[in-house]
Amino acid sequence: MTPALAKRLVIGAMVALSTLLILALYLPVFRPDPNNNTVNGSAAIGGAFTLVNQAGLEVNEQILLGHYSLVYFGFTYCPDICPMTLQIVADAIDILPEQKSELVQPVFISLDPKRDTSETMASYVSNFHERMIGLTGTAEQVQGAASAYRVFYRETPIGKGGGYTVDHSGYLYLMNRSGRYVDHFGKDVTTEELTSKLRELL
Ligand code: NI
């Protein structure tokens, strides 16, 4: 092989390689799917659960289908973060024009099934929004839902009377019409931030 031919082969191979690379980047098949429920390559958030709604009926993850959902885990005895976040969720939904606000379903899932019965959940969620779904269940059902959403929680005793609080992670999850993860918000989330994210999507 002459040096000139070798050089042409090398250049040819390089051109072919970079063409392939460019194609790979632009072909939809290689692009990350925005609806894929992975967060920056970390484990999936969301998925199957079985819980009991505020009417006492067993429901599963299919309640998320057909609309966007804002899913928050907490407990009705929570003194501050839970009620604050749920109020922000309700406000953000109500700020949207009616046809759009109807496309967003607020969901509150209890991490304290011992105290949060369906009846407790019914009266609690109605304080925030008339369309808010309040879910609870057996300890196992709640544990299952929490682990699907990577939610950490732990009962922590208060005083000596057997009272307790529930320490829990405070992420608010936005799920799409297929019930898949879209985004999450921390406990410093604002009504404006949520509303603008929803406007972007709807
Ligand atoms: Ni809380």
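Our structure is the block above this text.
What comes next concerns the included structure. (Residues numbered from 1 in each chain as written. Predicted model: local features only at pLDDT ≥ 70, side-chain atom pairs only at ≥ 80, totals over all residues. Heavy atoms only, no water.)

**With respect to the overall build of the protein**
Within the protein, the secondary structure is distributed over six helices and nine strands. Scored against the burial criterion, the 202 residues of the protein give a buried share of 39%. (Helix = DSSP H or I, 4+ residues; strand = E, 2+ residues; numbered from the N terminus. Buried < 20%, exposed > 50% of the residue type's maximum accessible area, 1.4 Å probe, protein only.)

**Describing helix α2 (residues 81-95)**
For α2, built from 15 residues, the straight-helix expectation of 21 Å at 1.5 Å per residue is met to within 8% by its first-to-last C-alpha distance of 21 Å. Among all positions in α2, only C82, T85, L86, I88, V89, A90, A92 and I93 are buried. (Expected span 1.5 Å × (residues − 1).)

**Points about the coordination of the nickel ion**
Of the protein atoms, only C78 (SG), C82 (SG) and H168 (NE2) coordinate the nickel ion, at distances of 2.1 to 2.3 Å. All donors of the nickel ion come from a single chain, and their spacing in sequence reads C-x3-C-x85-H. Of the two residues, C78 is situated in the loop between β3 (68-74) and α2 and H168 in strand β7 (residues 163-168); the sequence distance between them amounts to 90 residues. Of the two residues examined, C78 and H168, each falls in the buried class. (Donors = N, O, S within 2.8 Å, 3.2 Å for Na, K, Ca; no water.)

**Quick look at unusual backbone geometry**
Located in the positive-phi region is R150, a residue other than glycine, with phi close to 55°. With respect to the secondary-structure elements, R150 resides in the loop between α5 (139-148) and β6 (153-158).

**Re the side chain of N53**
Looking at the secondary structure, you find N53 in the loop between β1 (50-52) and β2 (58-60). Overall, the relative accessible area of 14% leaves N53 in the buried class. In this structure the side chain of N53 is engaged in a polar contact, spanning 2.9 Å, whose partner is the backbone nitrogen of A55. Look past the residues within four positions of N53 in its chain and what remains in contact with it is V59, S118, G134 and L135. (Polar contact = N/O pair within 3.5 Å; in protein donor to acceptor, adjacent residues only side chain to side chain. Contact = heavy atoms within 4.5 Å.)

**Quick look at the sheet that holds strand β8 (residues 172-175)**
Ordered in space as β5-β4-β3-β8-β9, the five strands form an open sheet in which the pairing is mixed. Two strands in the sheet have a free side with no partner beyond their single neighbour: β5 (133-135) and β9 (181-185). Recorded for the sheet is a direction-independent mean angle of 20° between the axes of neighbouring strands. (Pairing = 2+ DSSP bridges. Axes fitted to C-alpha atoms, helices over the stretch in contact; angles between N-to-C directions.)

**With respect to the pattern of salt bridges**
Evaluated as defined, the whole model comprises five salt bridges. A salt bridge links K114 to E155, with the nearest nitrogen and oxygen atoms 3.0 Å apart. Here K114, found in the loop between β4 (104-110) and α4 (118-125), pairs with E155, found in strand β6; they are 41 residues apart in sequence, far enough to count as distant. By relative accessible area, E155 is classed as partly exposed at 41%. Connected through salt bridges with shared partners, the residues D183, K197 and E200 form a single ionic network. (Salt bridge = Lys/Arg side-chain N within 4 Å of Asp/Glu carboxyl O.)

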